[in-house]
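Each chain is listed here by its residues.
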Amino acid sequence: METVTKAQQAYEQWLQQPHLPESLRAELERIRGNDAEIEDRFGADLDFGTGGLRGVMGAGLNRMNVYTVRRATAGLALHLKERFGEDAAARGVAIGYDVRHNSATFAETVALTLAAYGIRAHLMPVVCPTPELSFAVRDLGCAAGVMITASHNPPKYNGYKVYNEHGGQILEDDARDIKARMETIQDLFAIPHLSREEAEARGLLVMIPASLRAKYVEAVVREVRDPRLGDERSRLSIVYTPLHGTGNIPVREALRAAGYTNVHLVEAQVEPDGDFSTVKSPNPEEQEALSLGVKLAEQVGAHLVMGNDPDCDRVGIAVRDASGRMQLLSGNQVGALIVHYLCERHRDTGGFHLPPIVFKTIVTSDMGKHIAESYGVHVEETLTGFKYIGDRVTRHEADGTYRLLAGYEESYGYLVSPIVRDKDGVQGALVIAEMAAWHLAHGRTLVDVLRSLYEQYGWYGDKLVNVELEGHDGVERMKRALQDLRERPLEVPGLALVAVEDYLARERRFPGTDRVEPLTLPVSDVQKFIFEGGQWAAIRPSGTEPKMKMYFGVRAKSEAERDELLDKLVEALTARARME
């Protein structure tokens, strides 16, 4: 007799639901008899981690749909009631959404589920950038926020990001509590939710006023605009693309309000499009994403190309060099340029009541750190993920110790004002424009400035490499490779290993000695190998996928030496990661 698996039981349960949307029912009928597909969709729940939910949209427990969104929201509601008591209902939750397929539906699902638990939902009236949602949480005094977005993932994905009362992404403790409460909910079809009419009638669903967008943009311009600049802004020619996402209106409004009149739009990428039909990937980290922008820049003679990802929390750029060619810059390069520009600006204008601080992650290039320290600015490192930077900004604000000058990570995320507690593509776009205009007014391109920084601070280089281990045993091979690195630290010909940082064990070891130092950052499955001269390599797994992310940073005396050092590190760690 054939055994019916739990996945097959769940599959049949979904098909028997009388109110299942016809689109989901048809989807399930199409996979009838496909055991592998049924197992994939129903064999496990879509995981809720510190980034909330992110997954392929469709029918099933392991998919993004209204039922899995209700379950996450029920867990959030129970978490907020436990933490804030009656205040949770009054303060409510701010909810935003991006341009992706089903984002508006999922956002309303969040609102109506919260309403059923007696918690007021503040719903954005239109699509918005992720940083605007962070701003709304703080401005409205909400107990939490939810942003429906999958950032730069392919069109079939969507996601659910939870923000705390300070406007930062939740950390591990809150995520674990929400997940534990979700796991008590077995029947996804019994989760309470109100109709829109009832929620509005009871005052449990309110629309965030459109004026909040203007308030956010005004705050960005007020905080980011350089008081040293005047009419020079009109000289800067900018090409901008929102890559079909949410940045279109707020970024253009911020640039206009700051005084930028020479802005050219990539018209084919202006309108919201959940299919992101003009790019292979709406990710500014990918060279192809800005190709239409670069093409337009060549036509109009622009100095600068800027493009945001779909939820506008990151920004990628290309700049014209002295020879007239457009050159793409990495997140590490732009971060270092921003730190240098803001340190110079702070020296010239001051204005902070507290000492300034710069934040970077442990896998971000050290160039920005060394620049900041040369200006006497304190630098603090965090784990990978802007949620940690947002948390440190909040803690220092509460302590009255430091005031944010800049926070950045290698993946094109920047923050220069604490009005938001997450990376902000609107702030990022404006500070890059201000920086470019300032240097243009002094006869310099950003490429010129970057080269002068290399000559002053050293030729820094960085690289990100993904290693995918295909096959059914990919995850196990990945675990073995990571364990092997813990037992036999990385060796690179010609480079002396001076320290190994293991963030899972939370300790720094010094090879050849018994010396061990504790690491104070939270637990994370990251290993970092530090070599003589400040060269380093780091590796971490990518969730449950059989993929590892490897980061490299070097500092050399010349461009040629930099490239040679990078190649050495990449070759050595890639071989170990693949167990070669």
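The rules behind each value
Residues numbered from 1 in each chain as written. Predicted model: local features only at pLDDT ≥ 70, side-chain atom pairs only at ≥ 80, totals over all residues. Heavy atoms only, no water. Helix = DSSP H or I, 4+ residues; strand = E, 2+ residues; numbered from the N terminus. Rg over C-alpha atoms; globule rule 2.2 N^0.38 Å. Buried < 20%, exposed > 50% of the residue type's maximum accessible area, 1.4 Å probe, protein only. Areas by Shrake-Rupley, 256 points an atom, 1.4 Å probe, with all protein chains shown as cover. Pairing = 2+ DSSP bridges. Axes fitted to C-alpha atoms, helices over the stretch in contact; angles between N-to-C directions. Contact = heavy atoms within 4.5 Å. Phe/Tyr/Trp six-rings, centres within 6.5 Å; stacked < 30°, edge-to-face > 60°. Lys NZ or Arg CZ within 6 Å of the ring centre and 35° of its normal. Salt bridge = Lys/Arg side-chain N within 4 Å of Asp/Glu carboxyl O. Arc of directions from axis to C-beta. Polar contact = N/O pair within 3.5 Å; in protein donor to acceptor, adjacent residues only side chain to side chain. Patch = residues over 30% accessible without salt bridge, like charges linked within 9 Å, V, L, I, M, F, W, Y side chains within 5 Å. Lys, Arg positive; Asp, Glu negative; His and termini not counted. Charge placed at Lys NZ, Arg CZ, Asp CG, Glu CD.

1. Digging into the overall build of the chain
Here's step 1: Helices and strands together make up the secondary structure of the chain, namely 19 helices and 22 strands.
Here's step 2: For the chain, whose C-alpha radius of gyration is 24 Å, the value lies close to the compact-globule estimate of 25 Å for 580 residues.
Here's step 3: The dimensions of the chain, computed from C-alpha atoms along their principal axes, are 70 × 55 × 50 Å.
Here's step 4: Out of the 580 residues in the chain, the part that is buried amounts to 57%.
Here's step 5: Accessible surface, the chain: about 23800 Å² in total, of which carbon and sulfur atoms supply 48%.

2. A short note on the sheet that holds strand β14 (residues 403–409)
Strand pairing in a sheet takes place through backbone hydrogen bonds and is either antiparallel or parallel in direction.
Here's step 1: With mixed pairing, 4 strands are arranged side by side in an open sheet as β13-β12-β14-β15. At either end of the open sheet lies a strand with only one pairing partner, and these are β13 (378–382) and β15 (413–415). Across the sheet, the mean angle separating the axes of adjacent strands is 15° when strand polarity is ignored.
Here's step 2: Bridging between strand β12 (residues 356–361) and β14 involves 5 bridges; their strand directions are parallel. Residue pairing for β14: Phe-359 is matched across the bridge by Gly-407.
Here's step 3: Packed onto the sheet, helix α14 (residues 367–374) meets β12, β13 and β14 and runs at close to 155° relative to β13.

3. Observations regarding the packing of aromatic side chains
Here's step 1: Throughout the structure, instances matching the rule amount to 7 aromatic pairs.
Here's step 2: Pairing Trp-14 with Tyr-67 gives two aromatic rings, centres 5.4 Å apart and planes at 75°, and the pair type is edge-to-face. With Trp-14 in helix α1 (residues 6–15) and Tyr-67 in helix α4 (residues 66–84), the pair connects residues that are 53 residues apart, well separated along the chain. Across this residue pair, the class does not change: Trp-14 and Tyr-67 are buried.
Here's step 3: What links up through ring pairs into an aromatic cluster is the set Tyr-11, Trp-14, Phe-42, Tyr-67 and Phe-189.
Here's step 4: The side chain of Arg-403 reaches across the aromatic face of Phe-352, ending 4.5 Å from its centre.
Here's step 5: The cationic tip of Arg-515 hangs over the ring face of Phe-510; the distance from NZ or CZ to the ring centre is 3.8 Å.

4. Quick notes on helix α7 (residues 130–140)
Here's step 1: Buried residues dominate α7, accounting for 8 of its 11 residues.
Here's step 2: Its buried side turned inward, α7 meets β2 (93–97), β4 (144–148), β5 (157–163), α10 (211–224) and α16 (425–441).
Here's step 3: Positive phi appears at Gly-141, one or two residues downstream of α7, with a value of about 70°.

5. Quick notes on the sheet that holds β5
Here's step 1: Across the sheet, which stays open at both edges, the 6 strands sit in the order β1-β5-β4-β2-β3-β6 with mixed pairing between neighbours. A single partner strand is all that each edge strand has here, and the edge strands are β1 (53–56) and β6 (205–207). On average, each strand axis in the sheet is tilted by 20° relative to the strand beside it, whichever way the strands run.
Here's step 2: Here β2 runs beside strand β3 (residues 121–123); their pairing, made up of 3 bridges, is parallel. Within β3, the residue paired with Ile-95 across the bridge is Leu-123.
Here's step 3: Each of β1, β2, β4 and β5 is contacted by α4, which is oriented at about 5° to β5, the strand it contacts most.

6. Here we look at the pattern of salt bridges
Here's step 1: In the structure shown here, the tally under the stated rule is 49 salt bridges.
Here's step 2: Where Asp-40 meets Arg-63, a salt bridge forms, and the shortest distance between an N and an O atom there is 2.7 Å. Placement of Asp-40 in helix α3 (residues 35–42) and of Arg-63 in the loop between β1 and α4 is noted, with a sequence separation of 23 residues between them.
Here's step 3: Residue classification places Asp-40 among the partly exposed positions, given a relative accessible area of 39%.
Here's step 4: Look at Arg-63 and you get buried, because its relative accessible area is 8%.
Here's step 5: Between Lys-360 and Glu-381 there is a salt bridge, and its shortest N-O distance comes to 2.4 Å. Placement of the pair is Lys-360 in strand β12 and Glu-381 in strand β13, with a sequence separation of 21 residues.
Here's step 6: With a relative accessible area of 25%, Glu-381 lands in the partly exposed category.
Here's step 7: One continuous salt-bridge network, built from bridges that share partners, spans Glu-27, Glu-37, Asp-40, Arg-41 and Arg-63.

7. With respect to the pairing of strand β9 (residues 304–308)
Here's step 1: Of all 5 residues that make up β9, 5 are buried, and the element is covered over most of its length.
Here's step 2: The two faces of β9 match: Leu-304, Met-306 and Asn-308 on one face and Val-305 and Gly-307 on the other face are all buried.
Here's step 3: As judged from the 4 bridges shared by strand β7 (residues 238–241) and β9, these two strands associate in the parallel manner. Paired with Ile-238 across the strands is Leu-304, a residue of β9.
Here's step 4: With 5 bridges connecting them, β9 and strand β10 (residues 315–320) associate as antiparallel partners.

8. Brief notes about helix α8 (residues 172–182)
Here's step 1: Every buried residue of α8 is listed here: Asp-174, Ala-175, Ile-178 and Met-182. Buried residues in α8, looked at end-on, bunch into an arc of 100°, giving them a common side. In α8, those exposed residues whose orientation departs by more than 90 degrees from the buried face are Asp-173 and Arg-176.
Here's step 2: Looking at the packing, one finds that the buried side of α8 touches α4 and β5.

9. Points about the side chain of Arg-320
Here's step 1: Mapping Arg-320 onto the fold places it in strand β10.
Here's step 2: The exposure class of Arg-320 is buried, given its relative accessible area of 16%.
Here's step 3: At 3.1 Å, the side chain of Arg-320 and the backbone oxygen of Ala-297 are in polar contact.
Here's step 4: The residues contacting Arg-320, other than those within four sequence positions of it, are Ala-297, Glu-298, Gly-301, Ala-302, His-303, Arg-325, Met-326, Thr-445 and Val-447.

10. Comments concerning a negative patch on the surface
Here's step 1: A cluster of acidic residues, Glu-561, Glu-564, Asp-567 and Glu-571, forms a negative patch at the surface.
Here's step 2: Assignment of secondary structure puts Glu-571 in helix α19 (residues 559–577).
Here's step 3: Residue Glu-571 is classed as exposed on the basis of its relative accessible area, which comes to 60%.

11. Section: the pairing of β2
Here's step 1: Within β2, 5 of the 5 residues are buried, which leaves the element mostly enclosed by the surrounding structure.
Here's step 2: Burial along β2 is two-sided: Val-93, Ile-95 and Tyr-97 and Ala-94 and Gly-96, pointing in opposite directions, are all buried.
Here's step 3: Relative to β4, β2 runs parallel, the two being bridged by 5 bridges. Its bridge partner being in β4, Val-93 is matched across the sheet by Ala-144.

Take it as geometry only, folks, not as evidence of what the structure does.
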